[in-house]
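Listed below are the residues making up each chain.
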2 protein chains.
Amino acid sequence: MVLRIKDTDRIRDLAFFRTASDEIFDEAVSGAFLQRFPAGTTLLMEGDTVDFLYVLLDGAVELGAGWKSRDSTLAILKPVSTFILAAVVLDSDALMSAVTLERSELLMIPGESLRRAMKSDPAFGFAVSQELAGCYRGLVRSIKNHKLRDSTERLANYLLTQRARQGGNDTITLPHEKRVLASLLGMTPENLSRAFSKLSAQGVAVDGAKVRFDKVQALERYARPSPLIDNHFPQGESQLGKAHTERQQGVLDAL
Amino acid sequence: MVLRIKDTDRIRDLAFFRTASDEIFDEAVSGAFLQRFPAGTTLLMEGDTVDFLYVLLDGAVELGAGWKSRDSTLAILKPVSTFILAAVVLDSDALMSAVTLERSELLMIPGESLRRAMKSDPAFGFAVSQELAGCYRGLVRSIKNHKLRDSTERLANYLLTQRARQGGNDTITLPHEKRVLASLLGMTPENLSRAFSKLSAQGVAVDGAKVRFDKVQALERYARPSPLIDNHFPQGESQLGKAHTERQQGVLDAL
DNA sequence: AGCGTAGCTTGATTAATGTCAAGGCGACGA
DNA sequence: TCGTCGCCTTGACATTAATCAAGCTACGCT
C-alpha cells in the first residue's frame, strides 16, 4: 500500500515532525505505509525485532508485558501517538507487546528512515530527543504513581485527570471498558469496583461509563494530585494542537 | 572551580561522548565544573529547575520521589552515570530528588551547553537520543519488574543480576545497606529480611553483606530471569568499558 | 418475548505487604 | 571493658489487594 499525500499530513503535526523542514520530513517518512487492523490484533510481541516506528492515527492500542503467567497493561494509547520509539532509535527488540483494542489505523515508518533523518538533521534529531525525554518523564510519573499511591488513590487521580482533559465538567465518560481501566491502574476489575464504592464518600457517582462528581473539592482533597506525578494541563485543546513542549504521548493514559 | 584536563577525560568515555569529535565534546562540556559533596547532601529536590546535567564520577547517588508523607527510591546510581538527562533536554524541572548516599564527586555540565552541542552536531544529538532511549528502556524494565513480580521474586532476580555483574561466582557482596536495598526493591527492611529467609529454600545464605549461593539452579528456576526485564549482560567488564549499545546507566541498579 | 452472554458487582476468603514493638548483634567510643 | 547506638531481624497484627464464587444487568440474538 502506497502512502498518499493526505496520510503524511496527518502526522506532519506531531510534536517531533512539526519543526522539521519538508525535505527532512520526507526523508524521515520515506517508505512509510498506512495499515488498518481489526480489534484484538497483536501488532508486536515483546522480544520481537522492531523494524518500524508505529503511529496510531485512529483507534486504540494497548501496550503490555507478561512474565510467568502474569501480565500487565503498561499504557493505553489514543490517537495521535507514536510508540516503540526507543526501540527504533536503538534498533533493538521490543520490551512491550502492542495489541489493538479497537479497529485501528496505523502508520508504519521504517526505523532506518527515521534514524537516517535523525543523523542528517540536528534539529530533527533534537526534536526526537525531546520526544524521547517526554516519554521518559511520562514513565517516571507512572512509576511514582504506582509506588507512592494505593489503588483507590490512583483511581481518584485518574478521574481528576480525565475530568481536566474532558473540559472540567462535573460529568465524564470513561474512555475504556472498566476491566481495561483496571488493568491500566494496576488492579483487578473487582478492586476497581470496590475503589469506586470507596470514592462515593468523595461524591463520585458511577453509572455505566458515566461518572459524576458531586464533591470535587472533597475528591481533590483525597486525591491530592501533584504536577510531579499527574499531567493536568489546564487546557481544553485537542491532543494534536499541543505545543512541542513536553508531551506525554504514549504514556499519557498510563497515569 | 575550573575544570581541569584530566576531569574531562573521565567522562570522555561515556557512551554518548565517546563518538563525538573533540570540538563537539569541548562545546558540550563548556562551563562544566567538578564538585565534591558529603554523604547525605540533597543535590536536587523534585520540582526544582534543572540547570545542569549531573555526571556521577565517584560515590553513590539515590534518586527518589515522595508524595503525601510516603517516599520511594527509584534508582541508585554508581559511577559512572549521568542523571536527569531528560529534564536537561527539555529544559524542564526535576521529577525526582537526588541525594548523595556517600561522599561523592560530580561533574556538572550546563544544560545549555549540552543542548547547543546537540543542535549543532547530528551525530552527537543521535548519541544523546540513544542514551535517552536506553534510559527509557531501563525504566520500562523497572516497571515490569515491579508490576509482574512479587517482592521475593524481585529480590531473587536482583541477586542473580548482582551475581552476573560480580563475576558469576558463588558469593557476592551486597553493594548497599539492606535498608537501602529494600527501598530500591520497593519493600520494607522487614520484608527484605523475610524474603531472604524464603530464599534459603533456594540455597541463598546471607551473612551480613555477603550472600552465598548454594543452589544456583534452584534459584534460577525460582527467579526466572528474563532478558526482557533484567539486564544480564554476560560479560565481566567494567561499567566504563561498555559499547554504546543500549546502556542501562542510571536505572541500572533499579532492577 | 425469551435466552445467552459478557461485563460488572458483591461477598467471603486467602495471600502479600506494611506497621508496630521488641530484641539481638556488632561497631564505636568513653 | 562496658555502654550505646544503628542496623538488622523476628514476631504479632493491620491493611491492602488478589482470588474464588455467585449473582446481577444490559445488550444482542433468534
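Before any of the text, the structure's been laid out above.
My aim in this report is to walk through the structure given alongside it, one point at a time.

The next subject is the sheet that holds strand β2 (residues 42-44) of chain A. Within a beta sheet, neighbouring strands are joined by backbone hydrogen bonds and run either parallel or antiparallel to one another. Residues and elements named next belong to chain A. In space, the 4 strands of this open sheet follow the order β2-β7-β4-β5, with antiparallel pairing throughout. Of all the strands in the sheet, just β2 and β5 (70-77) have a single pairing partner and so form its edges. Ignoring which end each strand starts from, the neighbouring axes of this sheet average 30° apart. Pairing between strand β4 (residues 61-67) and β5: 7 bridges, direction antiparallel. If you follow Leu63 over to β5, its bridge partner there is Ala75.

Let's shift gears to the protein's contact with DNA strand C. Near DNA strand C there are 15 residues, and of these Lys178(A), Ser193(A), Ser151(B), Asn191(B) and Arg194(B) occur at the shortest range. Taking the atoms of DNA strand C that fall within 4 Å of the protein, sugar and phosphate contribute 64% of them. Between DNA strand C and Arg194(A), the relevant distance is 3.1 Å, taken from a base nitrogen to a side-chain nitrogen or oxygen of the residue. Within the side chain of Arg194(B), a nitrogen or oxygen atom sits 2.8 Å from a base oxygen of DNA strand C. Elements that contribute at least two residues to the surface near DNA strand C include exactly α8 (178-184) and α9 (189-199) of chain A together with α9 (189-199) of chain B.

On to the relation of the copies chain B and chain A. Note on the copies: chain B fits chain A at an RMSD of 0.0 Å, the axial shift is 0.0 Å, and the rotation between them is 180°. Overall, the copies show the geometry of a two-fold rotation axis. The position closest to the rotation axis in chain B is occupied by the C-alpha of Pro122(B), lying 2.1 Å away. When the interface residues of chain B are mapped onto chain A, 100% of them again fall at the interface, so both copies present the same face.

Before going further, it helps to spend a moment on the pattern of salt bridges. When the charged atoms of two side chains with opposite charge come close together, those side chains can pair. Scanning the model with the defined rule gives 26 salt bridges over all chains in all. The partner of Asp22(B) in a salt bridge is Arg12(B), with the nearest N and O atoms 2.8 Å apart. With Asp22(B) in helix α3 (residues 22-28) and Arg12(B) in helix α1 (residues 5-12), this pair connects stretches of sequence that are 10 residues apart. Its relative accessible area of 47% is what places Asp22(B) among the partly exposed residues. The residue Arg163(B) makes a salt bridge to Asp170(B) at a minimum N-O spacing of 3.4 Å. Judged by its relative accessible area of 15%, Arg163(B) is buried. What you see here is one network of salt bridges that share partners, running through Lys68(A), Arg70(A) and Glu153(B).

Within this model, the largest pocket holds a volume of roughly 1000 Å³. Lining the largest pocket are 49 residues, with Ile143(A), His146(A), Lys147(A), His146(B) and Lys147(B) sitting closest to its centre. Elements represented by at least two residues in the lining of the largest pocket include exactly β5, α6 (122-148) and α8 of chain A together with β4 (61-67), β5 (70-77), β7 (97-100), α6 (122-148) and α7 (151-165) of chain B. Split into classes, the residues belonging to the lining of the largest pocket amount to 15 nonpolar, 18 polar and 16 charged.

What counts, and where the lines are drawn
Residues numbered from 1 in each chain as written. Chains lettered and ligands numbered in written order. Predicted model: local features only at pLDDT ≥ 70, side-chain atom pairs only at ≥ 80, totals over all residues. Heavy atoms only, no water. Pairing = 2+ DSSP bridges. Helix = DSSP H or I, 4+ residues; strand = E, 2+ residues; numbered from the N terminus. Axes fitted to C-alpha atoms, helices over the stretch in contact; angles between N-to-C directions. Near = heavy atom within 4 Å. Polar contact = N/O pair within 3.5 Å; in protein donor to acceptor, adjacent residues only side chain to side chain. Least-squares fit on C-alpha atoms with pLDDT ≥ 70 in both. Contact = heavy atoms within 4.5 Å. Salt bridge = Lys/Arg side-chain N within 4 Å of Asp/Glu carboxyl O. Buried < 20%, exposed > 50% of the residue type's maximum accessible area, 1.4 Å probe, protein only. 1 Å grid on protein atoms, 1.4 Å probe; cavity = no way out; pocket = protein on both sides within 12 Å on 5 of 7 lines; lining within 4 Å. Points joined across faces, edges and corners; volume = space filled by probe spheres on them. Nonpolar A, V, L, I, M, F, W, Y, C, P; charged D, E, K, R; others polar.

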